Amino acid sequence: MTATHCPYCSLQCGIELETRAGAVTALTGLESFPTNRGGLCRKGSTALELLAHPERLTSPLLRVGDELVPVDWDTALDRVAAEIRRVQERYGPDAVGCFGGGGLTNEKAYQFGKFARVALRSASIDYNGRFCMSSAAAAATRSFGIDRGLPFPLPDIAEADVLLLVGSNPADTMPPAMRWFEAGRERGAEHIVVDPRYTATAAAAHRHLQPVPGTDLALANGLLHIAIADGLVDEEYVRTRTTGFDEVRRAVRADWPDRVERTTGVPVAALRATVHALASAGQAMILTARGAEQHADGTDTVTAWINLALALGLQGRPGSGWATVTGQGNGQGGREHGQKADQLPGYRKLADPAARAHVAGVWGVDPDSLPQPGVSAYELLDSLGTDVKMLLLGASNPVVSAPNAAHVRRRMESLDFLVVTDFFLSESARMADVVFPTTQFAEEEGTLTNLEGRVLRRRKAVEPPAGVRSELEIWHALAARLGRGEFFPTEPREVYDELRRASAGGPADYAGISWERLDAGEELFWPCPSDDHPGTPRLFAELFAHPDGKARFMAVTPRGVTERTDVTYPFLLTTGRSRAHYQSGTQTRRSPTLAAAEPEALAEVHPDLARLLGLTDGDLVRLTTRRASAEVRIRCTRTIRRDTVFVPFHWPGVNDLTSARLDPTSRMPEFKACAVAVSRVPAPLSTPQEVPA
Ligand SMILES: Nc1nc2c(c(=O)[nH]1)N[C@H]1C(S)=C(S)[C@@H](COP(=O)(O)OP(=O)(O)OC[C@H]3O[C@@H](n4cnc5c(=O)[nH]c(N)nc54)[C@H](O)[C@@H]3O)O[C@H]1N2
Ligand SMILES: Nc1nc2c(c(=O)[nH]1)N[C@H]1C(S)=C(S)[C@@H](COP(=O)(O)OP(=O)(O)OC[C@H]3O[C@@H](n4cnc5c(=O)[nH]c(N)nc54)[C@H](O)[C@@H]3O)O[C@H]1N2
Ligand code: SF4
Ligand SMILES: [Mo]
């Protein structure tokens, strides 16, 4: 039996793998793991279907004309190294870009960032977490001086007397976490969900606010206005633990409840009831997720919810405060160790001379040789073929998951050379010049950091299939061909120990979190600066991470959805997840069980809207936005607003529709709201066979 963690989301449920004759024969939930206590969702419980999958890549592939043909490792590595040299000599170091993912282990995320800066000396690196966590991360850093998704352990959710979930649907996206919500409700807690859809999460709660997509900032400011007007502000907390409230007080002065009702569609009575519930609870929490965050004003939106949590005196109190529900398997660790454009390990800033000196010291290189910050994920994809001529892509499938994806596909087509590392031939890998096959979860050692900031061990249960290598081996082999091999060890534990040294003294300090302590069963949350430090399950009890120890209020004003509806595009399109599929679907669409459970993308449309458009359940429709159109079938449901259409993004084509308008601070795209037209795709008048000769 091998104790490890699920390959998918940031809940990182504990699992046990049973092996026989070198193959994994069973996967079960690990009862002793404190977040899932043995529970698994259908994605986790079917993860074995992907290990020995017939479509698994087991050899490097090289493009010959229109075909990708199997070649040996040396041929593929030599070719990629030669292309790196050619492109860099001709266009400079930044012309080779790197694009990573929040599913990579800490060791890989760290090593990929180092590979870009030390082996390639390129500023061009970013990753898909930009599309996921960046708005919440930017807002938390701004307000608290540190960004850890949940600043408390997950079971604290059960301690909140009132809990507000804003744009978060854990009943579908993290089902085993629901036990903590249920435990809270059994204790008598009141749960309120803010979502344009009446989701499974909303159905389990006591109250549902159903705003127009993209109006969460106005909603949060409106609640704060009522809190001030009704004398609900915790003045003592505001005075002793925060700065900047006066400006925020002024900024929300005109956010009258009836005005907020007109903007958001949430009735004044519900606004009042919500803020009074939060203020009168002994312990109250506000959790945001992608519904509130994936907007062009996502950072300010999260800030508005943080302002409310601070004004009510919640942040840092037991069972209380704002938090964000991180998404990808290593969504937390993946954003701390340097695969982000502006970042060095330990959540340090690449532009900070002291940070550069520290990390360059650990790496044994000259600080001046480190490039300066590069551009964010979408901007990097948008520069393919112009500034960036060659891309090394791994752990992301942007032709399905990036916004304005048809444009991204064209940019990728214009590259001189594309290298993709994956275990399946994803839609992005199909476009590559070289594909490297890599290890899956059960075949590798490493660490991940879950949504609570808890560091976990991923453990190897079986050998990878012959022909497959880990990214650490791939980057070492490439670096060696570029004359820098000695900087890139291949043993995950050695890489992790270096990461500990590089993170020491930074905001995300892992120095005291050794594999020995983790393997001995210690529960360790960062920051943990030394071997005898117990780690930090709860942040902010006394101090925030800014130099003065105080949290900062920030005045923010609603800008609204950038794309207005009009007669041509009269409805709002929002996107997100369905229960059976994961992200770009490379993995789950290949699971026979999950593919059968949800074979295609279904657009949710209110029956009244369907009637208005002459549509019925199951009809094929064309969704058209200002960028592209896509054909999907509709599912009529009363759970969605009449003016809104929802589509899960797990299938190619959906993201051709979405807007790449970026948040000015986090560079998060506006995935969650754009204007759309809906029209029926006429059934063919006759099938070709019936056409008379
Ligand atoms: N089944 C499944 N689970 C997953 C994943 C997956 O792909 N599939 N991915 C993982 C990852 S990486 C992530 S980031 C998490 C995401 O987890 P969630 O954030 O829970 O997932 P989403 O479905 O993207 O968005 C949540 C809700 O936001 C609502 N929403 C849309 N627009 C708005 C808006 O303007 N305002 C508000 N308030 N709500 C809005 C949607 O209706 C949706 O119900 O899930 C993780 N878990
Ligand atoms: N419209 C819309 N678009 C969205 C979102 C939305 O809500 N709406 N959500 C956004 C969010 S929150 C996210 S997180 C992104 C995610 O979208 P992507 O970045 O595309 O993420 P995945 O589909 O998880 O891509 C992972 C790819 O890498 C492979 N892979 C998995 N693990 C590894 C590994 O360890 N190494 C390597 N080399 N490959 C691996 C998988 O097989 C898959 O092909 O999508 C974003 N796109
Ligand atoms: S909730 Fe997330 S971590 Fe848990 S089994 Fe499902 S996909 Fe895996
Ligand atoms: Mo995500």
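What counts and what doesn't
Residues numbered from 1 in each chain as written. Chains lettered and ligands numbered in written order. Predicted model: local features only at pLDDT ≥ 70, side-chain atom pairs only at ≥ 80, totals over all residues. Heavy atoms only, no water. 1 Å grid on protein atoms, 1.4 Å probe; cavity = no way out; pocket = protein on both sides within 12 Å on 5 of 7 lines; lining within 4 Å. Points joined across faces, edges and corners; volume = space filled by probe spheres on them. Nonpolar A, V, L, I, M, F, W, Y, C, P; charged D, E, K, R; others polar. Domains from an automatic or database assignment. Helix = DSSP H or I, 4+ residues; strand = E, 2+ residues; numbered from the N terminus. Pairing = 2+ DSSP bridges. Axes fitted to C-alpha atoms, helices over the stretch in contact; angles between N-to-C directions. Near = heavy atom within 4 Å. Expected span 1.5 Å × (residues − 1). Buried < 20%, exposed > 50% of the residue type's maximum accessible area, 1.4 Å probe, protein only. Salt bridge = Lys/Arg side-chain N within 4 Å of Asp/Glu carboxyl O. Parallel < 35°, antiparallel > 145°, perpendicular 65-115°, else oblique. Left-handed = near helix turned anticlockwise from the far one by under 90°. Contact = heavy atoms within 4.5 Å. Phe/Tyr/Trp six-rings, centres within 6.5 Å; stacked < 30°, edge-to-face > 60°. Polar contact = N/O pair within 3.5 Å; in protein donor to acceptor, adjacent residues only side chain to side chain. Areas by Shrake-Rupley, 256 points an atom, 1.4 Å probe, with all protein chains shown as cover. Sits in = over half its atoms within 2 Å of the grid points.

- Per an unreviewed UniProt entry, the protein is named Molybdopterin oxidoreductase family protein, and its organism is Pseudonocardia ailaonensis.

### Overview of the layout of surface pockets
- Estimated volume of the largest pocket: approximately 390 Å³.
- Here the lining of the largest pocket is composed, by residue class, of seven nonpolar, four polar and nine charged.
- When residues of the lining of the largest pocket are sorted by domain, at least three fall in each of domain 3 (135–324) and domain 4 (571–680).

### Considerations on empty space enclosed by the protein
- For the structure shown, the criterion picks out six cavities of 30 Å³ or more.
- In terms of lining, the largest cavity is formed by 39 residues, of which the most central are N128, Q328, A395, Y582 and Q587.
- By residue class, the composition of the lining of the largest cavity is 11 nonpolar, 21 polar and seven charged.
- The residue makeup of the lining of the largest cavity includes at least three contributed by each of domain 2 (61–131 + 330–509) and domain 4 (571–680).
- The calculated volume of the second largest cavity comes to roughly 560 Å³.
- Surrounding the second largest cavity, 40 residues form its lining, G167, T173, R290, R577 and K672 being those nearest its centre.
- Of all the secondary structure elements, the ones that give two or more residues to the lining of the second largest cavity are α5 (170–173), α13 (290–293) and β22 (571–576).
- Within the lining of the second largest cavity, the residues separate by chemical class into 14 nonpolar, 17 polar and nine charged.

### Description of the sheet that holds strand β6 (residues 96–100)
- Taken in spatial order, the seven strands make up an open sheet running β5-β4-β18-β17-β16-β6-β7, and their pairing is mixed. Unpaired on one side and paired on the other, β5 (67–70) and β7 (125–127) mark the two borders of the sheet. Looking at each pair of strands side by side, their axes are set apart by 20° on average, direction ignored.
- The sheet contact formed by strand β4 (residues 61–64) and strand β18 (residues 434–437) spans two bridges and is antiparallel. Considered in β18, the bridge of L62 is made with V434.

### Some thoughts on the site of ligand 3
- Every residue near ligand 3 is listed here: C6, Y8, C9, L11, Q12, C13, L40, C41, K43, G44 and P176.
- Classifying every residue of the shell around ligand 3 by side-chain character gives eight nonpolar, two polar and one charged.

### Observations regarding helix α14 (residues 298–311)
- Its 14 residues give α14 an end-to-end C-alpha distance of 20 Å, which sits within 8% of 20 Å, the value for a rise of 1.5 Å per residue.
- For α14, the buried fraction is high: 14 of the 14 residues fall into the buried class.

### Let's talk about the pattern of salt bridges
- For the structure on display, the rule yields 52 salt bridges.
- Measuring nitrogen to oxygen at the nearest pair gives 2.8 Å for the salt bridge that ties D156 to R538. Here D156 is found in the loop between α4 (134–144) and β8 (162–166), whereas its partner R538 is found in the loop between α21 (515–519) and β21 (551–552), with 382 residues between them in sequence.
- Judged by relative accessible area, which is 46%, R538 ranks as partly exposed.
- Taken together, the salt bridges that share partners define one network made up of R79, E83, R86 and D416.

### A few points about the packing of helix α8 (residues 216–229) against α14
- Relative to each other, α8 and α14 sit at 20°, their axes nearing to 8 Å. Accordingly, the angle class assigned to the pair α8 and α14 is roughly parallel. In terms of crossing hand, the pair formed by α8 and α14 is left-handed. On α14, the residues that touch D216, L217, L219, A220, N221, L223 and L224 of α8 are D300, T301, A304, W305, N307, L308 and A311.

### A closer look at the packing of aromatic side chains
- Going through the model one piece at a time under the given rule, you end up with 14 aromatic pairs.
- Look at W73 and F436: their rings are 5.4 Å apart centre to centre, the planes differ by 5°, and that puts the pair in the stacked class. Remark: F436 occurs in strand β18 and W73 occurs in helix α2 (residues 73–91); sequence separation between them is 363 residues. Comparing W73 with F436 shows no difference in burial state: the two are buried.

### Section: the site of ligand 2
- Around ligand 2, a shell composed of 29 residues is seen, among which N128, S401, D422, E471 and S584 lie nearest.
- Take N655: an N or O atom from its side chain is 2.7 Å from a nitrogen atom of ligand 2.
- Measuring from an oxygen atom of ligand 2, one finds a side-chain N or O atom of K672 at 2.9 Å.
- Summarising the interface, the protein chains cover 97% of the accessible area of ligand 2, which totals 920 Å² for the free molecule.
- Here ligand 2 occupies the largest cavity.
- Looking at the shell around ligand 2 residue by residue, the classes come out as eight nonpolar, 16 polar and five charged.
- Per-domain counts for the shell around ligand 2 show at least three residues from each of domain 2 (61–131 + 330–509) and domain 4 (571–680).

### Some thoughts on the packing of helix α3 (residues 106–119) against helix α19 (residues 471–481)
- Their axes nearest at 10 Å, the elements α3 and α19 cross at an angle of 10°. When the interaxial angle is binned, α3 and α19 end up roughly parallel. Crossing hand, α3 versus α19: left-handed. Contact residues: E107, K108, Q111, F112, F115 and A119 in α3; E471, L472, W475, L478 and A479 in α19.
- The residue makeup of the contact of α3 with α19, split by class, is seven nonpolar, one polar and three charged.

### Description of helix α12 (residues 268–280)
- Here α12 spans 18 Å end to end across 13 residues, near enough to the 18 Å set by a 1.5 Å rise per residue.
- Among all positions of α12, only V268, A270, L271, T274, V275, A277 and L278 are buried.

### As for the pairing of strand β2 (residues 14–20)
- Both strand β1 (residues 2–5) and β2 contribute to a ladder of four bridges, which runs antiparallel. Each bridged residue has a counterpart across the sheet, and for H5 the counterpart in β2 is G14.

### Remarks on unusual backbone geometry
- P527 follows W526 through a cis peptide bond whose omega is -5°.
- Located in the positive-phi region is A395, a residue other than glycine, with phi close to 65°.
- Within the fold, A395 resides in the loop between β16 (390–394) and α17 (398–401).
- Look at N404: it is not a glycine, yet its phi comes out positive at around 50°.
- In this structure N404 comes out as buried when scored by relative accessible area, which is 16%.

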